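# Secondary and tertiary structure notes
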Amino acid sequence: MIKADEILGIRLTTIHNLHFIQQLMENIKDAIRQDRLLQYRQEFLQHFNLG
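To start, this report covers the structure provided alongside it. (Residues numbered from 1 in each chain as written. Predicted model: local features only at pLDDT ≥ 70, side-chain atom pairs only at ≥ 80, totals over all residues. Heavy atoms only, no water.)

## Thoughts on unusual backbone geometry
What counts, and what does not: Helix and strand labels come from DSSP, where a helix needs a run of H or I of at least four residues and a strand needs a run of E of at least two; each type is numbered from the N terminus. Accessible area is worked out with a 1.4 Å probe on protein chains only. A residue is then buried under 20% of its type maximum, exposed over 50%, and partly exposed in between.
A positive phi angle, near 55°, is found at Asp 35, a position not held by glycine. Residue position: Asp 35 is located in the loop between α1 (7–33) and α2 (37–47). Residue Asp 35 is classed as exposed on the basis of its relative accessible area of 72%. Of note in this structure, Asn 49 is not a glycine but carries a positive phi near 50°. Asn 49 gets classed as exposed once you look at its relative accessible area, which sits at 69%.

## Looking at α1
Let me state the cut-off plainly: Here the expected span of a helix is defined as 1.5 Å times the quantity of residues minus one. Pairs of residues are marked as contacts when any of their non-hydrogen atoms sit within 4.5 Å.
Here α1 contains 27 residues, and its C-alpha end-to-end distance of 39 Å stays within 8% of the 39 Å for a straight helix at 1.5 Å per residue. Every buried residue of α1 is accounted for by Gly 9, Leu 24 and Ala 31. Taken together, the buried residues of α1 touch α2.

These figures capture arrangement, not role.
Take a look at the structure:
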């Protein structure tokens, strides 16, 4: 959809990205509450093959 310059593709990508960021922030807050932020960071990086 994006390659075809469909506006729906851009909208769906935006919705996906907003959901991803919102979920990420919730996960970070939970990790902070549980005093395991560094552990969560490592899990996140490994999950996305970033570290």
